[in-house]
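# Summary of the model geometry
The chain contents come next:
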Amino acid sequence: SDAASQKELSKQDTVQENIATILEKMDAQKGNADVQERACCCLYDLANNNIDNQRKIVAAGGVRRIMAAMDIHRGNADVQAATCFTVRILAFNTEHQGPLVAAGCLERIVTAMDTHT
């Protein structure tokens, strides 16, 4: 029905707005480890079992923000864990593997593992 279609479109718009808000917070609070960790957890939750949301996160520049969090908070195990889990969920979609590798996620994951094990 038209009402159901409108509701679904509204839900998709809300998800897009939520992703944008999360990424804006990551930019505004780059030095705040708690914000970065929680933001990555939110992105993970949105991306989990949802290819459309994974695409929206990547298209909105999520990978760049995740990599920045990994760099800025290299010594914070909680941030590193949250970023690695988020990268993992995005990498399940093969179309994102190239951009993730190009962004340097593999080197950052190895650094996180070396630092926090």
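Residue indices follow the written sequence of each chain, beginning from 1 at its first position. In view of the model being predicted, local features appear only for residues whose pLDDT reaches at least 70, and side-chain atom pairs are presented and counted only at 80 or more, with totals across whole chains, interfaces and linings using the full set of residues. With hydrogens and water excluded, all non-hydrogen atoms of the structure serve as input to the side-chain values.

### Looking at the packing of aromatic side chains
- Pairing of aromatic rings covers Phe, Tyr and Trp, the last counted by its six-membered ring, and requires centre-to-centre distances within 6.5 Å; plane angles under 30 degrees mean stacked, over 60 mean edge-to-face, and any other angle means tilted. If you walk through the whole model with that rule in mind, you get one aromatic pair.
- When the ring of Y44 is compared with that of F85, the centres are 6.5 Å apart and the planes differ by 75°; the resulting orientation is edge-to-face. With Y44 in helix 2 (residues 33-47) and F85 in helix 5 (residues 77-91), this residue pair connects regions lying 41 residues apart in the sequence. Under the scheme used here, helices are H or I runs from DSSP no shorter than 4 residues and strands are E runs no shorter than 2 residues, and both carry numbers assigned from the N terminus.

### Quick word on the pattern of salt bridges
- The term salt bridge refers to a pairing of a side-chain nitrogen on Lys or Arg with a carboxyl oxygen on Asp or Glu at a separation within 4 Å. Within the structure shown, the criterion is met by five salt bridges.
- In this structure, D27 and R65 form a salt bridge, with 3.0 Å as the shortest nitrogen-oxygen distance. You can see D27 sitting in helix 1 (residues 2-28) and its partner R65 sitting in helix 4 (residues 62-72), a full 38 residues away along the chain.
- Exposure classes here rest on a 1.4 Å probe applied to the protein chains alone. A residue is buried below 20% of its type maximum, exposed above 50%, and partly exposed in between. Relative accessible area serves as the criterion here: at 11%, R65 is assigned to the buried category.
- Within this structure, D52, R55 and E95 form a network of salt bridges that share partners.

### Regarding unusual backbone geometry
- At N49, a residue that is not glycine, the phi angle is positive and equals roughly 60°.
- With respect to the helices and strands, N49 occurs in the loop between helix 2 and helix 3 (51-59).
- Look at N49 and you get exposed, because its relative accessible area is 75%.

### Some details on empty space enclosed by the protein
- Both cavities and pockets are sets of points on a 1 Å grid over the protein atoms alone; in a cavity a 1.4 Å probe fits but cannot get out, in a pocket the set is open with protein on both sides within 12 Å along at least five of seven lines, and lining residues sit with an atom within 4 Å of a point. Grid points are joined across faces, edges and corners, and a volume is the space filled by probe spheres set on the points. Applying the stated criterion across every chain, the model contains one cavity of 30 Å³ or more.
- In this structure, the largest cavity spans a volume of roughly 40 Å³.
- In terms of lining, the largest cavity is formed by M26, D27, K30, Q36, R65, A68 and A69.
- For the lining of the largest cavity, the elements supplying multiple residues, two or more each, are helix 1 and helix 4.
- Of all the elements, helix 4 adds the most residues to the lining of the largest cavity, at three residues.
- Across the lining of the largest cavity, the residue classes break down as three nonpolar, one polar and three charged. Residues are grouped as follows: nonpolar covers Ala, Val, Leu, Ile, Met, Phe, Trp, Tyr, Cys and Pro; charged covers Asp, Glu, Lys and Arg; every other residue, Gly included, is treated as polar.

### Points about the side chain of T86
- Note on placement: T86 falls in helix 5.
- The criterion used for residue contact is that any of the two residues' heavy atoms lie within 4.5 Å. If we skip the residues at most four places from it in the chain, T86 touches C40, L43, Y44 and I66.

Purely spatial values, then, with no claim about function.
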